[in-house]
Amino acid sequence: MEKYFHVVGLGIQNTLAYRVNFLCRAAFGLVPLAGTLFLWKAIYADRPTGAILGGYTLAQMISYYLLVTVVDSITAVAEDDWQIAADIKDGGVSQFLLKPMDYLGYRLCLYGAGRAIYTTMALIPVSFFILFQRASFVGPADPQTFCLALFSIFLAGLLQFFIAYTVALMAFWVLDVSTFIFIQFALEYLASGHLFPLDILPPILHRLILLTPYPYLLYFPVGISLGQIRGHDLWRGFILQAFWVVTAFVIARIMWARGLRKYTAVGG
Amino acid sequence: MKSGFETVKRYVSIYGALIRYSLIHEMQFKVNFLLWILVEFLWFGLQLVFMSVLYGHTESIAGWSKWEVVLLVGCNQFIQQLFHMLFVTNLSNFSELIRKGTLDLLFLQPVNTRFLVSVKKFEIGNSINALMGLAVVFYALTKLGKMPSITQWIGFGFLCLAGVSVHYSLMFLLACVSFWTVRAQGIVWGYYNLFNIARLPIDAFPRGAYRAVFTWVLPMLLVSNVPAKLLANTLSAPQDLLPVFGMAGLCYVVSEGVWRWSLRHYTSASS
């Protein structure tokens, strides 16, 4: 176990070099976010104040997008999938076959370290932005909601990592995984609720999407924080989220075992 | 001293050779070629889905009807994909040229270096995505029951060129940052965020700092909005076209100035 702590330490040192990069990334990300918020404000502007649209007041809608930004900066994979694919292509994986260290565990530690640094840096521009929008920001109502949200963000992070890891492992079979990464990302962008809250969709679509793993990356933790997901839906959601975390982990393990049989250790 | 015509002829033939080379390279990876078209198509689809979900809850956004916004998203796709086809790959590789010192090699070529770094790779696949954008433009126009005149189409053509030029100059400016920080892979990502807002209707933005910056400094809210308004006949006055051309010229001049200034600060990575 101790060796993995060293990996986390190394990961932190490595990603610290990118801190300015992260800061710019987070700040740049606020441009389209502001654009989306203006668009929603324009939609609500044509209605009486306090109007509810798809179950959201303007303040709730704005908070939804702000919380998506927060959860996304905590859990999003940055370079991990590209690095994993590169490790496979360049033979960097070989050393892990010889060392008493599990590659998935190693990558997970690096992901955790990377997210810790990224979140710290992103906190600066994002909290300024939220402060700017504070008039219409609703956060978690009570400590219990906050803790539940935090726990589901933790699970979301694991799920996000396992999905990215599995997609990156396709590098065992195909020459260029970037298209697969982007296709996966496009699906995720829509079905995770990044683009809009999923419950403004027609009910059938909404319920169908809830069966896929994607809503448990963003929509679910954000919905808990906002108090939109409660009671029965909350527990059902947690069961599905846990189910997808375990499933994604198992698939990742199977892919790895199969991939190794194809692995030719180029350059290793 | 060669005449201007000779120079143009020479550059056209060089560009022809570069395009040919890019095509040959591309055809080596046919599946990948098709997958990239699919990726761009998915993202375009996402934008349309987003808009149609919004219009499931409202009839108009800041005075824009559903099909007017679809028209805007189509125009934006057309312009962005043309930009992609000609420049994006090259500009996103720019920081690598500096990091590896390959740029030195390009300085030695008897061709304008900015020309080479900007157009070296031609992405034919994006032309198909551009056509999809154009198809959506046509479809939205039929839904709106509008048939633009020849003059409008010609104006649209020029506006699109100006739009591509704005995108190019701005991303080139961003790419110049890699002269100072070697690790500038964030450039593509940063730019992606910027042109994300180009597909939103300008009237949704209240007059204020945000709208002013993205109209008069980084004219993202002009490049797709003005051509869409021209086709939909919703421009308030013909002189509304001028800012696009003015900003296109201005952005290019600034980017050329910064490029020359950056070159003076260039210290090769390999020597």
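1. Some thoughts on the overall build of chain A
Looking only at helices and strands, chain A has 11 helices and 0 strands in total. Element order for chain A, N to C, with α for helix and β for strand: α-α-α-α-α-α-α-α-α-α-α. Relative to the globule expectation of 18 Å for 268 residues, the C-alpha radius of gyration of chain A, 20 Å, shows essentially globular dimensions. Judged by the C-alpha coordinates and their principal axes, chain A covers about 65 × 40 × 35 Å. Considering chain A as a whole, with its 268 residues, one finds that 41% of them fall into the buried category.

2. What about the overall build of chain B?
Helix and strand counts for chain B stand at 12 helices and 2 strands. Mapped from its N terminus to its C terminus, chain B presents α and β elements in the order α-α-β-β-α-α-α-α-α-α-α-α-α-α. The globule rule puts the C-alpha radius of gyration for 271 residues at 18 Å, and the 20 Å found for chain B is close to it. Residue burial in chain B is summarised as follows: out of 271 residues, 37% are buried.

3. Points about the packing of helix α7 (residues 143–168) of chain A against helix α10 (residues 219–226) of chain A
Residue and element names in this part refer to chain A. Running from N to C, α7 and α10 cross one another at 175°; their axes reach a closest spacing of 8 Å. When the axis of α7 is compared with that of α10, the two are roughly antiparallel. Contacts between α7 and α10 involve Thr145, Leu148, Ala149, Ser152, Ile153 and Ala156 on the former and, on the latter, Phe220, Pro221, Ile224 and Ser225.

4. A short note on the environment of Leu18 of chain B
Residue and element names in this part refer to chain B. Topologically, Leu18 is positioned in helix α1 (residues 4–27). Counting along the chain gives 103 residues from Leu18 to Lys121, while the straight-line C-alpha distance between them is 6.8 Å. In this structure Leu18 touches Val119, Lys120 and Phe122, once residues within four positions along its chain are discounted.

5. As for the environment of Met121 of chain A
Residues and elements named next belong to chain A. Examined against the element boundaries, Met121 turns out to sit in helix α6 (residues 103–132). The exposure class assigned to Met121 is buried, which follows from the 23 C-beta atoms found within 10 Å. In sequence terms Met121 and Ile62 are 59 residues apart; their C-alpha atoms lie 22 Å from each other. With sequence-adjacent residues up to four places away left out, Met121 is seen in contact with Arg19, Phe22, Leu23 and Ala26.

6. Looking at the interface of chain B and chain A
Many authors give the size of an interface as the accessible area that is lost as the parts come together. Counting from both sides, the interface comprises 28 residues of chain B and, opposite them, 26 residues of chain A. Listing elements by their share of the side of chain B that touches chain A, those giving two or more residues are α2 (30–54) and α8 (186–196) of chain B. Of all the elements, α2 of chain B adds the most residues to the side of chain B that touches chain A, at 12 residues. Of the residues belonging to the side of chain B that touches chain A, the class tally is 20 nonpolar, 7 polar and 1 charged.

7. Quick notes on the nonpolar core
Membership of the largest hydrophobic core comes to 140 residues, with the highest contact counts inside it found for Val71, Leu159, Phe162 and Ala168 of chain A together with Leu71, Leu82 and Met171 of chain B. Looking at which element gives the most residues to this core, the answer is helix α3 (residues 66–100) of chain B, with 18 residues. Those residues in contact with Leu71 of chain B that sit more than four places away from it in its chain are Val137, Ala140, Leu141, Leu144, Ala228, Leu231 and Ala232 of chain B.

8. Examining helix α8 (residues 178–191) of chain A
Taking 1.5 Å as the rise per residue, α8 of chain A with 14 residues should run 20 Å; its terminal C-alpha atoms sit 20 Å apart, in good agreement. Every buried residue of α8 of chain A is listed here: Ile181, Phe185, Glu188, Leu190 and Ala191 of chain A. Contacts from the buried residues of α8 of chain A go to α4 (80–90), α7 and α9 (203–209) of chain A together with α2 of chain B. At the exit of α8 of chain A stands Gly193 of chain A, carrying a positive phi of roughly 95°.

9. Details of the environment of Lys146 of chain B
Residue and element names in this part refer to chain B. Secondary-structure assignment places Lys146 in the loop between α6 (125–144) and α7 (150–175). Along the backbone, Lys146 and Val254 are 108 residues apart, and their C-alpha atoms lie at a distance of 38 Å. Filtering out sequence-adjacent residues up to four positions away, Lys146 remains in contact with Leu141, Ala232 and Asn233.

10. Focus on the packing of helix α2 (residues 19–45) of chain A against α6 of chain A
Residue and element names in this part refer to chain A. Where α2 meets α6, the axes come as close as 8 Å, and the angle between the chain directions of the two elements is 35°. For α2 against α6, the interelement crossing comes out right-handed. Across the interface between the two elements, Arg19, Phe22, Leu23, Ala26, Ala27 and Leu30 of α2 pack against Ile117, Tyr118, Met121, Ala122, Ile124, Pro125, Val126 and Phe129 of α6. Residue composition of the contact of α2 with α6, grouped by class: 13 nonpolar, no polar and 1 charged.

11. Digging into the confidence of the model for chain B
Residues and elements named next belong to chain B. On average, chain B scores 91 in pLDDT, and the residues at 70 or more come to 96%. Confidence, expressed as mean pLDDT per element, reaches its minimum in chain B at α8 with 78 and its maximum at α6 with 96. As a predicted assembly, this complex carries a pTM of 0.92 together with an ipTM value of 0.89.

12. Some thoughts on unusual backbone geometry
Residue and element names in this part refer to chain B. You will see that Ala62, though not glycine, has its phi angle at about 50°, which is positive. Tracing the backbone through its elements, the reader meets Ala62 in the loop between β1 (60–61) and β2 (64–65). According to the C-beta neighbour criterion, Ala62 is partly exposed, with 19 such atoms within 10 Å. You will see that Asn233, though not glycine, has its phi angle at about 65°, which is positive. Relative to the helices and strands, Asn233 is located in the loop between α11 (225–232) and α12 (242–264). We classify Asn233 as exposed; it has 11 C-beta atoms within 10 Å.

The rules we used
Residues numbered from 1 in each chain as written. Chains lettered and ligands numbered in written order. Predicted model: local features only at pLDDT ≥ 70, side-chain atom pairs only at ≥ 80, totals over all residues. Helix = DSSP H or I, 4+ residues; strand = E, 2+ residues; numbered from the N terminus. Rg over C-alpha atoms; globule rule 2.2 N^0.38 Å. Buried ≥ 20, exposed ≤ 12 C-beta atoms within 10 Å, placed from the backbone. Axes fitted to C-alpha atoms, helices over the stretch in contact; angles between N-to-C directions. Parallel < 35°, antiparallel > 145°, perpendicular 65-115°, else oblique. Contact = placed C-beta atoms within 7 Å. Nonpolar A, V, L, I, M, F, W, Y, C, P; charged D, E, K, R; others polar. Core = buried A, V, L, I, M, F, W, Y, C linked by C-beta atoms within 7 Å. Expected span 1.5 Å × (residues − 1). Left-handed = near helix turned anticlockwise from the far one by under 90°. pLDDT = per-residue confidence, 0-100.

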